[in-house]
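Architecture and fold: a report
One letter stands for each residue in the lines below.
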Amino acid sequence: MTKVERLIERFIPEHYNLFLDIDRKAKTFTGNVAITGEALKETVSLHQKDLSIHSVLLDNTALSFSVDEEREVVDIDLPELGNMTLVIEFSGNITDNMTGMYPSYYTVDGVKKEIISTQFESHFAREVFPSIDEPEAKATFDLSLKFDQKEGEIALANMPEVHSERRQETGVWTFDTTPRMSSYLLAFAFGELHGKLSKTKNGTEIGVFATVAHKASSLDFALDIAERVIEFYEDYFGVPYPIPQCYHVALPDFSSGAMENWGLITYREIYLLVDENSTALSRQTVALVIAHEIAHQWFGNLVTMKWWDDLWLNESFANMMEYVSVDAIEPSWKIFEDFQTTGVPAALERDAIDGVQSVHVEVSHPDEINTLFDAAIVYAKGSRLMHMLRRWLGDQDFAAGLNHYFKEHQYGNTIGLDLWNALGQVSGKDVAGFMDSWLEQPGYPVVTAKVEGDTLILTQKQFFIGEHEDKGRLWHIPLNSNWEGLPDVMTQAVLEIPNYSQLKDQNTGALRLNTGNTAHYITNYEGELLDAVIAELPDLDATSKLQAVQERRLLAQAQIISYASLLPILEPLKDESAYMVMAAMQSVIADLRLFIEEKSEEEDHFNQFVRELFHAQYERLGFEKKAGESDEDEKVRQLVLSNLVTANDKNMMAKASEIFAQYDGNLDSIPASVRLSILSSQMKMHETPELVDLYLSTYPTTRDANLRDELAIALSLTQSEETLERLVAALKDKDVIKPQDLFLWYMRLLRNSFSQEQIWTWSRENWDWIKKALGGDMSFDSFVIAPARVFKTAQRLDEYKAFFEPQLGDLAISRNISMGISQIKARVDLIEKDKPAVVAALLAL
Ligand code: BES
Ligand code: ZN
């Protein structure tokens, strides 16, 4: 098996002087790079991928070299060791796969235009210039660019432009020297971009840019958030933002969500631009994404993981800090609640499948690097672990430890232990000892709590959904109980606490563990302990309610309890008005639908139940925003309306039709917070070729990426063969559906039972095309994950296996294939075993 080579062991780069001459028409570039560094061996290698290397010079003498496409390198024979400058001439192509240097496509007044930009993480700098393309190989970069600049066009890079006067004559854009940094953080973008600028208190220039297809006003929200977030981090980390600029650019084509290039952060349009007609949810998402990428300017850019196995040092941290910072600048948003409804369930579900990766994970093959970016693990679980640690240490020690860490390691590289040491030094606690079991082991524990005689017994055991092999793993569990008298941390498999009745008398209320739901475990209360928690449920705070619902739901997924037992938990929550609790309830509702045959009696009963469950909030909120209404109420309204559409609420949908008619085809004027439900209900009630025409023609032309996404959701509800034909045809038409959005369509069309067969067949028949359209980066594996999240029959399981098992040799997707099989199996088994009880309970409603 190919091992990942570490090229830095043979050549240590210090500085790159890079010039690129870009021909947009021909979609090619030529360039040269002078790399100064130290050679430790006589044969050195530089990364390159799909480049033509024309010459390698040392002191004006040509050296012999050979390109090895398989290893993605050029090998060079050196006459000497030590410090030197290698000069390399090369050329390459601009291709459409959203890595390296690539075009983004957009239209202004019917005219097709392009922006050129870069995406180098994780290892695509090598597609643009020869380099030691490893995070540890930090160096400074001088970048200059030449392109056929036209009126109205600008170029941006990590650093400000220098010598702009020279550009008037030469046409060459030259940018200031970067700080010492990893190659994956280099970036540039050019074309018809417009932007808005401001300055932080410390003088950093903030800029937000987009193509001229967007109104300048759509940049304002991001500009304000970016400025305040930077100031927050400077304060919290105690280290100033290290470079002169912090620019943010929205790109029409973008593979992931956003990318933290130092000083030039790039985004999907939907994650940066905010239209006047926007929702609270979308503004909060934009703020979180910006806060995430700015956190990377310290965590990742200033201090970088030594190697990709410690990717969590970047991503888990940024994912945690985005919440800490947004909470600090906008406390009324109660943004930690958002993590409870998104990251927490994502981590708990995926981390329960046997075969899942640990947060810290070895990388032994190049193809494995992309698989590291598992959102539920490295992002959601990883950040959950950081929240857990922050609570254990207390915010003050946590922030002080970070300050220590940045000061000691700035412009350098680290491993996890460096961070634990910094936090340990400040807090005096054994941080490494505490965190190891969480970082190094996959999965998480379920703590069973029960009373036997007068003894309270807590047992920890790994929690699994589906087939598994129990390896007897144990964790250092912070119990975080609401009762006094329990230990701080439980490390053993079984903990017996005597004199339960005395303990109970000393405390008030039901015994609860993991208060605040910040630690990565779930609790299975048994007997009287469960009864006490359930009895108290209506009076608990929103987080505890959500937690109780979430935990019971997971226990049901694992077949430890029946889904039927969840109905009596939902019922008392009928009048609930907290968004986070309702989101947890909605997950249970979605799960319960797994057991229900379409158009059956139990479906009627269940829909009636759902309508009643949300009736009080519908009555309270209706469709129209009230003056002075909270963002939370807006989110509740969205959730309620969308559930009522799914549950076929005729009254609600009639009202939706009235509103739709008022707007007379002017889709982008419909108030954003109710738009999705209105568009969906129209599709459900009145799917006509004219409606589909309207949706499909607005889809590629609207400026508003949120509206575009809502149209995709609504169209994916189709019940018409004719519409489905049109949608499937559009999947391969890049002028309608961009490759970056393919996955969203795929997921939604798989979810609709009417379109599932056809889209599943389409994906298998077009597998190679999909792979190519998405290029070599991480987004491809979502096409393996998506069907595993949806399929629920033995037939689909067989088809999934038949298609994917032969691909198990592909390391980029093999883990997801085996986890996918296990996930579908678990679901098929769950439905078979639990269905009679669930259907009986639904019929009895
Ligand atoms: N560093 C990542 C972007 C990235 C991911 C590059 C995978 C290469 C491969 C960036 O900081 C990030 O995490 N982006 C997220 C969005 C974020 C707000 C959670 C993403 O793209 O999903
Ligand atoms: Zn990130």
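Residues numbered from 1 in each chain as written. Chains lettered and ligands numbered in written order. Predicted model: local features only at pLDDT ≥ 70, side-chain atom pairs only at ≥ 80, totals over all residues. Heavy atoms only, no water.

1. Here's the deal with a negative patch on the surface
Heads up, the condition is: Patch rule: a residue counts if its relative accessible area is over 30% and it has no salt bridge; like charges are joined within 9 Å, and nonpolar side chains (Val, Leu, Ile, Met, Phe, Trp, Tyr) within 5 Å. Calculation of accessible area relied on Shrake-Rupley with a 1.4 Å probe; when residues are assessed, cover is drawn exclusively from the protein chains displayed. A pair is scored as a salt bridge if a Lys or Arg side-chain nitrogen falls within 4 Å of a carboxyl oxygen belonging to Asp or Glu. For the purpose of charge, His is not counted, nor are the chain termini; Lys and Arg are scored as positive and Asp and Glu as negative. Charged groups are reduced to one reference atom each: NZ for lysine, CZ for arginine, CG for aspartic acid, CD for glutamic acid. For helices the rule is a DSSP run of H or I covering at least 4 residues; for strands it is a run of E covering at least 2, with both sets numbered from the N terminus onward. Think of it in three bands: residues with accessible area under 20% of the maximum for their type are buried, residues over 50% are exposed, and the middle band is partly exposed, with areas taken using a 1.4 Å probe on protein chains only.
Together, E362, D430, D436 and E440 make up a negatively charged patch on the protein surface. Checked against the element boundaries, D436 lands in helix α10 (residues 431–440). D436 gets classed as partly exposed once you look at its relative accessible area, which sits at 39%.

2. A few points about the coordination of the zinc ion (ligand 2)
The line we're drawing: Coordination shells were defined by N, O and S atoms within 2.8 Å of each metal, extended to 3.2 Å for Na, K and Ca; water is absent from the atom set, which can make sites look incomplete.
Summarising the metal site, the zinc ion (ligand 2) is bound by the protein donors H292 (NE2), H296 (NE2) and E315 (OE), whose distances to it range over 1.9 to 2.1 Å. Counting along the primary sequence, the residues that act as donors to the zinc ion (ligand 2) give the motif H-x3-H-x18-E. Here the residue H292 and the residue H296 both occupy positions in helix α3 (residues 280–296), the gap between them amounting to 4 residues, near one helical turn. The class for H296 is buried, based on a relative accessible area of 0%.

3. With respect to the nonpolar core
The following threshold applies: To form a nonpolar core, buried Ala, Val, Leu, Ile, Met, Phe, Trp, Tyr and Cys residues must be joined to one another through side-chain atoms within 4.5 Å. Note on contacts: a residue pair qualifies if any of its non-hydrogen atoms lie within 4.5 Å across the two residues.
By size, the foremost hydrophobic cluster in this structure holds 293 residues, and its most contacted members are L20, F129, W420 and L458. Once you skip the residues sitting within four places of it in the chain, L458 turns out to touch V447, T448, A449, L479, L486, M490, A493, V494, L495, I497 and L513.

4. Topic: the pattern of salt bridges
Counted by the stated rule, this structure contains 47 salt bridges. We note a salt bridge from R675 to D704, for which the minimum N-O separation is 3.6 Å. Residue R675 is located in helix α19 (residues 672–685), and its partner D704 is located in the loop between α20 (689–701) and α21 (705–715); the two are separated by 29 residues in the primary sequence. Exposure remark for D704: the relative accessible area of 8% places this residue in the buried category. For R796, the salt bridge goes to E757, with nearest N and O atoms at 3.1 Å. Remark: E757 occurs in helix α24 (residues 753–765) and R796 occurs in helix α27 (residues 794–804); sequence separation between them is 39 residues. Judged by relative accessible area, which is 40%, E757 ranks as partly exposed. Here the salt bridges do not stand alone but share partners, grouping E5, R10, D68, R71 and D75 into one network.

5. So, the site of ligand 1
Keep this limit in mind: Whether a residue is near a molecule or strand is decided by its heavy atoms; if any one of them lies within 4 Å of it, the residue is near. Contacts described as polar in this section are N or O atom pairs within 3.5 Å, which, within protein, must combine one atom able to donate a hydrogen with one able to accept it, while residues neighboring in sequence count only if both atoms come from side chains.
Close to ligand 1 lie 16 residues, the nearest being E121, G257, E260, E293 and Y379. Separating an oxygen atom of ligand 1 from a side-chain N or O atom of S256 is a distance of 3.3 Å. The contact in question runs from an oxygen atom of ligand 1 to an N or O atom on the side chain of H296, over 2.9 Å. When ligand 1 sits alone it has 510 Å² of accessible area, and the protein chains cover 87% of it. Those elements that provide at least two residues to the shell around ligand 1 are β19 (258–259), α3 and α4 (311–329). For the shell around ligand 1, the element with the highest residue contribution is α3, accounting for 4 residues.

6. Regarding the pairing of strand β2 (residues 28–39)
Looking down a regular strand, the side chains alternate between one sheet face and the other. The line we're drawing: What makes two strands pair is DSSP finding at least two bridges between them.
In this structure, strand β1 (residues 11–23) lies alongside β2, joined through 12 bridges in antiparallel fashion. Bridge pairing in β2 links D23 to T28. Between β1 and β2, which pair antiparallel and follow one another directly, the connecting turn spans 4 residues, one of which, K27, has a positive phi of 55°. Of the pairings in the sheet, the one linking β2 to strand β8 (residues 82–93) comprises 12 bridges and is antiparallel in character. Note that in β8 the partner of T30 across the bridge is S91.

7. Some words on the environment of M582
Turning to its location among the elements, M582 is positioned in helix α15 (residues 579–592). In this structure M582 comes out as buried when scored by relative accessible area, which is 1%. The spatial distance from the C-alpha of M582 to the C-alpha of V640 is 8.6 Å, given a sequence separation of 58 residues. Ignoring anything within four residues of it in the chain, the contact list for M582 reads E576, S577, F614, Q617, V636, L639 and V640.

8. Overview of the packing of helix α22 (residues 721–731) against α24
So the rule is basically this: Angles shown run from 0 to 180 degrees and are taken between the N-to-C directions of axes, each axis being a line fitted to C-alpha atoms and, for helices, limited to the stretch in contact. Angular relationships are summarised with four words: roughly parallel below 35 degrees, roughly antiparallel beyond 145, roughly perpendicular across 65 to 115, and oblique for the angles in between. Each crossing gets its hand from how the near helix is turned against the far one by less than a right angle, where anticlockwise is left-handed and clockwise is right-handed.
Viewed as axis vectors pointing N to C, α22 and α24 meet at an angle of 30°, and their least axial separation amounts to 11 Å. It follows that α22 is roughly parallel to α24 by the angle criterion. Taken as a pair, α22 and α24 cross one another with a handedness that is right-handed. Note on element contacts: α24 touches α22 through F754, S755, Q758, I759 and W762, opposite E721, L724, E725, V728 and L731.

9. A look at helix α7 (residues 375–393)
Test applied: An expected span of 1.5 Å times one less than the residue number is assigned to each helix.
Here α7 spans 25 Å end to end across 19 residues, near enough to the 27 Å set by a 1.5 Å rise per residue. The element α7 is largely enclosed, with a buried count of 17 among its 19 residues. A side-chain oxygen of the first residue of α7 lies 3.0 Å from the backbone nitrogen of A376; this N-cap is D374. Trailing α7 by a residue or two, G394 shows a phi angle of about 90°, which is positive.

10. Side note on the sheet that holds strand β28 (residues 522–525)
The pairing of strands in a sheet happens through backbone hydrogen bonds and is either parallel or antiparallel. In spatial order, the strands read β27-β24-β23-β28; together these 4 strands make up an open sheet with mixed pairing. Looking at which strands have only one partner, the edges of the open sheet turn out to be β27 (494–497) and β28. Averaged over all pairs of adjacent strands, the angle between strand axes in this sheet comes to 20°, irrespective of strand direction. Inspection of the sheet shows strand β23 (residues 445–452) paired to strand β24 (residues 455–462) by 8 bridges, in the antiparallel sense. Across the sheet, V446 pairs through a bridge with K461, a residue of β24. Running over the sheet, helix α13 (residues 542–557) touches β23 and β28 and is turned about 80° from β28.

11. Description of the pairing of strand β14 (residues 172–175)
Relative to β14, strand β11 (residues 140–146) is paired through 3 bridges, and the arrangement is antiparallel. Note that in β14 the partner of S144 across the bridge is T174. Across 2 bridges, the pairing between strand β13 (residues 161–162) and β14 is antiparallel. Looking across to β14, one finds that V162 is bridged to T174.

12. Some words on the packing of aromatic side chains
One pair of aromatic rings is described through two measures. These are the centre distance and the angle between the planes. Let me state the cut-off plainly: Side-chain rings of Phe, Tyr and Trp (the six-membered ring for Trp) are treated as a pair once their centres are within 6.5 Å; stacked means planes under 30 degrees apart, edge-to-face means over 60, and tilted covers the remaining angles.
Taken as a whole and assessed by the stated rule, the structure comprises 48 aromatic pairs. An angle of 25° between the planes, with centres 5.4 Å apart, marks the rings of F232 and Y236 as stacked. Within this pair, F232 and its partner Y236 are both found in helix α2 (residues 220–237), separated by 4 residues, close to a single helical turn. For Y236, a relative accessible area of 12% gives the class buried. On the numbers, 6.3 Å between centres and 70° between planes, the contact of W762 with W769 is edge-to-face. The rings of F232, Y233, Y236, F237, Y241, W298, F299, F317, F398, Y405 and F406 are connected pair by pair, giving a single aromatic cluster.

13. Some points on the side chain of N816
Following the sequence through the fold, N816 ends up in helix α28 (residues 814–843). A residue is classified by how much of its surface remains accessible, and N816, at 8% relative accessible area, is buried. Leaving out residues up to four positions away in the same chain, N816 has contacts with R350, D781, V784, I785 and Y800.

14. Focus: the sheet that holds strand β18 (residues 245–251)
Within the open sheet, the 5 strands sit side by side as β16-β17-β18-β20-β19. Their pairing is mixed. The sheet is open, and its two borders are formed by β16 (193–199) and β19, each paired with just one other strand. Where β19 and strand β20 (residues 264–268) come together, 2 bridges link them in antiparallel fashion. Looking at the pairing, M259 lines up with T266 of β20.

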